[in-house]
Structures are given as C-alpha cells and as structure tokens.
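# Tertiary structure, described
Here's the letter readout for the chains.
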Amino acid sequence: MSVSTAAADQSLCTPLPVLGRDVTVPLVTGGEVTYAALDYAASAPALQRVWDDVAAYAPYYGSVHRGAGYLSQLSTDLFENARGTVAEFLGCRAGDQVVFTRSTTDSLNLLARAIPAGCQVFVFETEHHASLLPWQHAHVTYLDAPRTPGQAVEILERALAGRDPYGPALVCVTGASNVTGELWPVRELAAAAHAHGARIVLDAAQLAPHHPVSVTDLDVDWIAFSGHKLYAPFGSGVLAGRADWLQAAEPYLAGGGASRRVTRREDGGVAVEWHETAARHEAGSPNVIGAYAIAAACKALTEAGWDSLVAREQHLIAKVRAGLAEVPEVRVLSLFGDDAPRVGVLSFVVDGWNSSHFAAALSAEYGIGVRDGLFCAHPLVRTLLGTDPQTQGECGAPEAAPGEKSLNAIRVSFGAGTPDEHVDRFVNAVRELVRDGAKWQYRTEEGRCVPAV
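Residues numbered from 1 in each chain as written. Predicted model: local features only at pLDDT ≥ 70, side-chain atom pairs only at ≥ 80, totals over all residues. Heavy atoms only, no water.

### Considerations on the overall build of the chain
When you go through the chain residue by residue, the secondary structure sums to 14 helices and 19 strands. For the chain, the C-alpha radius of gyration of 23 Å lies close to 22 Å, the compact-globule estimate for 453 residues. Based on the C-alpha atoms only, the size of the chain along its principal axes is roughly 80 × 55 × 50 Å. Of all 453 residues assigned to the chain, the portion counted as buried reaches 53%. Relative to all contacts within the chain whose residues are 6 or more apart in sequence, the contacts with residues 24 or more apart total 70%. Total accessible area on the chain is roughly 19500 Å²; 52% of this is exposed by carbon and sulfur atoms. Each charge sign in the chain was given a centre, from 35 positive and 51 negative side chains, and these centres are 4 Å apart. (Helix = DSSP H or I, 4+ residues; strand = E, 2+ residues; numbered from the N terminus. Rg over C-alpha atoms; globule rule 2.2 N^0.38 Å. Buried < 20%, exposed > 50% of the residue type's maximum accessible area, 1.4 Å probe, protein only. Contact = heavy atoms within 4.5 Å. Areas by Shrake-Rupley, 256 points an atom, 1.4 Å probe, with all protein chains shown as cover. Lys, Arg positive; Asp, Glu negative; His and termini not counted. Charge placed at Lys NZ, Arg CZ, Asp CG, Glu CD.)

See below:
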C-alpha cells in the first residue's frame, strides 16, 4: 500500500455501530466465527443508535392522535416529529406529504391505488418487483433494459413521446439497482418525464441508505423507501411527495384515523369525510416504533456525514471489486459496465458453481451471510445472466422452466456498519472456494442448499 493510500484509508470514518456486530455463528468444520453480515440489500442491521433511541422511548409508548393521557400525547408528538424529520431528510418541498407505510412495496402499492383513472405507467424491466408489479390495474408500458444511463433516458423519452399527451402519466424508476448496485440517472429521467407531462416516483430502497436523496434536488414527484434497509428494521416505510393525487384518492385502507367525520345517513347508510392529510392513508393504529426508528436512522446518517459515509463505502466497493477481479472464474453482473458508479451491492456468478451451493458454503464454512437467487428482480437477473450455464440438478439449483437453463446469482451487499475485516474475509473465502472447492458435502432441502448432516 502506498503512503497516499494509507493516508486516505486513515481518513475514512469508522463503521457505524450496529446490532449483531459481535454475534458468533458455528461453522460446519468446527468452531465459531464472528458473523459477517453481507446481505444489507435485503435488510440492514439496526444502527446501535436507532436501537438505543427506540429502547429509551419504549416505556413511554402510547396510542397516538386520540389519547388524552401524557404517554399518548408524547407518542403523538414523537410520531409527527418523525414525519418532519423524514421530510427534512428527503428534502421535501412545501406542501409535500410524508405517509408512513410498512415498506417500499407498501408505499408503491399505495401510490398505485392513488393514480388517476386512465393513468399510463412506464417502468423498466430492470426494477425490483416492488416497483415492477403494483401497476397491474393501470395501462403499463414495460421498457427494455438499457445498457448505458444515456440509453435509459433515450428509451424513456421515446416511450413518452408516443403516449396520450392529454392523460396522466407516471414513470417509476429505481435510484440504485438491488442487483448490480448501479446508480441510475434519476435527475435526467425526471427531466424527461416532466418534459413530456409525466410524473415520476423514485424507488429509493437501495439508494437512501447509501447516498443523500432529495425530492427537490432530484426533481422527482415521490420517493419511496423502507426502514429495514435504512438501519431501522422495525416494519415501517415511507412514501413522500406531492399531495394532490393522494388527497384525491380513496384511502388506501378504510378505518379509524383515516376518517375525519363519520355520520349515519337518513337512508340508513354511513357517510364518511376523509382526512386530506397523510392520515388519509394511515388508517388504524400506526407503527409508532417503526416511524420513530426511521427518524432516528435519518438523524444518525445525517450527523455521521454523507461525505464520510460515501467515501468509506467506495473504499469497501473497491476492495471487493479488486478481490473478485483476481479470480478469473468470477463474473460480476452489470448493466452499465465496470466503470459505472454504484452503491455497496454487487452480484456475480462463479464458473463451475451453482450460486446456491456457493452461497451455502460461504455461510457454513466461513460464517459469511450473502444472498443467492434472482433477488425479486427476475427479468433483470435473467437479462444479465442470459444463456450463462448453471448446472441443473446441482445442490440448491432452482427448478427451471421447460427449455430454460437454471439461473441464479450471488449477491454481496454492505454499508455503514461493515468493517474491513468482513469484506476481506469474503474475498479470501471466494478465492479459497474457487481454488480448493467446498470442504463439506451439501444437499438440497426445500429448494435450498444446506450442509449434509
């Protein structure tokens, strides 16, 4: 390592403390090892600060909005202050609404329910299922996978140019791929959408934990993300943005909290006046803990400093990519090419290995948790893998459709709580498995590859 590189490494921030950083797990080969959690893209561990904040509040938990007691009033204040914290974190505009949901999936399904009749929706096939599938009841145009950021903008512009210019339209796009980690040209896509009279919603599930995200700076109409990827795994999510479609739509759920006034009609029925605030789509007792945890995570990331967090993550990405590049049998998946900017999410395949088998060996023999499969982004992974061979019938190989090869990949992902040791161990484990093979026998159990007992 050069002197300049060493100095740069010393200037990086230390990993943020997260729950589980000292957890040990057994190895099939004997002994235990500290668990290397490298599946942040699925669910990131809770920041220690988030856990501490939630633990401090928990004794004071109470019902919100309707309780006269002190704990209820305190909980209401915390819940609504959390809404304000999230709005600030996302750079929301005056008049934007922040709706608390269960997840990104829930947020995008809520928006899908709120789009006006006749709305045309445009979505790339590269999206996570959470943003690919909610639009089934709309007029949907699925766009082919682009191979450069510029091509993504061109594909969208061509599609929008052919739409009904007088009806409502919505573009749904990811900020960072949950498969490749590559950053999408959100600002340029937003400009294209608005130039053609369409609105745009950003799936920021993979972007928000890694980069600052601003409704205003990106000029998007809505942002959706999940707490469990933002170091606040307490079952909560967010949809934030323009209020008009949300106010005009029927409530996502009907019930208490969404209704402002309910009366009996003379004909014996019930008349309902719904809230026009975010409460319109938050019927029932809300997940106060989840909302408070998201706000705590927003504060913790902001105070840690995005420049330092991004610099450290890029340092880890460089380590992983350099290590994998030294193994000829490994191919990292990419849409936009090796030089494309990305967050700490990389997927790859290994020649001669079924990906489920490889991931199982990483876990059982090295205590490293990664993910394998199609990552709830089936069209994208199939596009990236194409006709790459994966041996059918091998341990954990998923059942293929007639005439189709068995396809799956391995994903490694990390973030603000990942220490260097975890990525170093991962790279060394990949090198050893490719060179020496697995030390243990494995079998398929309920579709998963597991160590044979």
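### Overview of helix α10 (residues 288–304)
Between the first and last C-alpha of α10 there are 24 Å, a value that for 17 residues agrees with the 24 Å anticipated at 1.5 Å per step. Where burial is concerned, most of α10 is hidden: twelve out of the 17 residues are buried. Where α10 is concerned, the buried positions are Val 288, Gly 290, Ala 291, Tyr 292, Ala 293, Ile 294, Ala 295, Ala 296, Ala 297, Cys 298, Ala 300 and Leu 301. Of the surrounding secondary structure, the elements contacted by the buried residues of α10 are α2 (48–57), α3 (70–89), β4 (97–101), β9 (222–226), β10 (237–241) and α11 (306–325). Gly 305, located one to two residues past α10, shows a positive phi value of around 95 degrees. (Expected span 1.5 Å × (residues − 1).)

### Notes on the pattern of salt bridges
Inspection of the entire model under this criterion finds 22 salt bridges. Salt-bridge contacts for Arg 411 lead to Asp 39; the nearest nitrogen and oxygen are separated by 3.5 Å. You can see Arg 411 sitting in strand β17 (residues 409–413) and its partner Asp 39 sitting in the loop between β3 (36–37) and α2, a full 372 residues away along the chain. There is no split in this pair, since Arg 411 and Asp 39 are both buried. Beyond isolated ion pairs, a larger network of salt bridges with shared partners links Arg 199, Asp 221, Arg 242 and Asp 244. (Salt bridge = Lys/Arg side-chain N within 4 Å of Asp/Glu carboxyl O.)

### Structural notes on the environment of Ala 377
Following the sequence through the fold, Ala 377 ends up in the loop between β16 (371–373) and α13 (378–385). Residue classification places Ala 377 among the buried residues on the basis of a relative accessible area of 0%. Between the C-alpha atoms of Ala 377 and Phe 225, which are 152 residues apart in sequence, the distance is 17 Å. Every residue in contact with Ala 377, bar those within four places of it in the chain, is listed here: Glu 127, His 128, His 129, Asn 178 and Val 179.

### Thoughts on the packing of aromatic side chains
Under the counting rule described, the total for this entry stands at twelve aromatic pairs. Ring centres of Phe 348 and Phe 358 lie 6.4 Å apart, and the angle between their planes is 90 degrees; on these two criteria the pair is classed as edge-to-face. With Phe 348 in strand β14 (residues 345–350) and Phe 358 in helix α12 (residues 355–366), this pair connects stretches of sequence that are ten residues apart. Under the relative-accessibility criterion, Phe 348 is labelled buried at 0%. A residue is classified by how much of its surface remains accessible, and Phe 358, at 0% relative accessible area, is buried. Joined through ring pairs, the aromatic side chains of Phe 348, Trp 353, Phe 358 and Phe 426 make up one cluster. (Phe/Tyr/Trp six-rings, centres within 6.5 Å; stacked < 30°, edge-to-face > 60°.)

### A short note on the packing of helix α6 (residues 149–161) against helix α7 (residues 186–195)
When two helices pack together, you describe them by how their axes are tilted relative to each other and by the distance separating the axes. In the contact formed by α6 and α7, the axes pass within 10 Å of each other and the chain directions differ by 15 degrees. Here α6 is positioned roughly parallel relative to α7, judged by the angle of their axes. The crossing of α6 and α7 is right-handed. Contacts between α6 and α7 involve Ala 152, Val 153, Leu 156, Glu 157 and Leu 160 from the former and Glu 188, Leu 189, Ala 192 and Ala 193 from the latter. By residue class, the composition of the contact of α6 with α7 is seven nonpolar, no polar and two charged. (Axes fitted to C-alpha atoms, helices over the stretch in contact; angles between N-to-C directions. Parallel < 35°, antiparallel > 145°, perpendicular 65-115°, else oblique. Left-handed = near helix turned anticlockwise from the far one by under 90°. Nonpolar A, V, L, I, M, F, W, Y, C, P; charged D, E, K, R; others polar.)

### Quick look at the side chain of Glu 365
With respect to the secondary-structure elements, Glu 365 resides in helix α12. Buried and unpaired, Glu 365 has no salt bridge, with Lys 439 as the nearest side chain of opposite charge at 4.2 Å. In terms of polar contacts, Glu 365 uses its side chain to reach the backbone amide nitrogen of Lys 439, at 3.1 Å. Those residues within four positions of Glu 365 in sequence are excluded, and the remaining contacts are Leu 27, Val 28, Thr 29, Leu 433, Ala 438, Lys 439, Trp 440 and Tyr 442. (Polar contact = N/O pair within 3.5 Å; in protein donor to acceptor, adjacent residues only side chain to side chain.)

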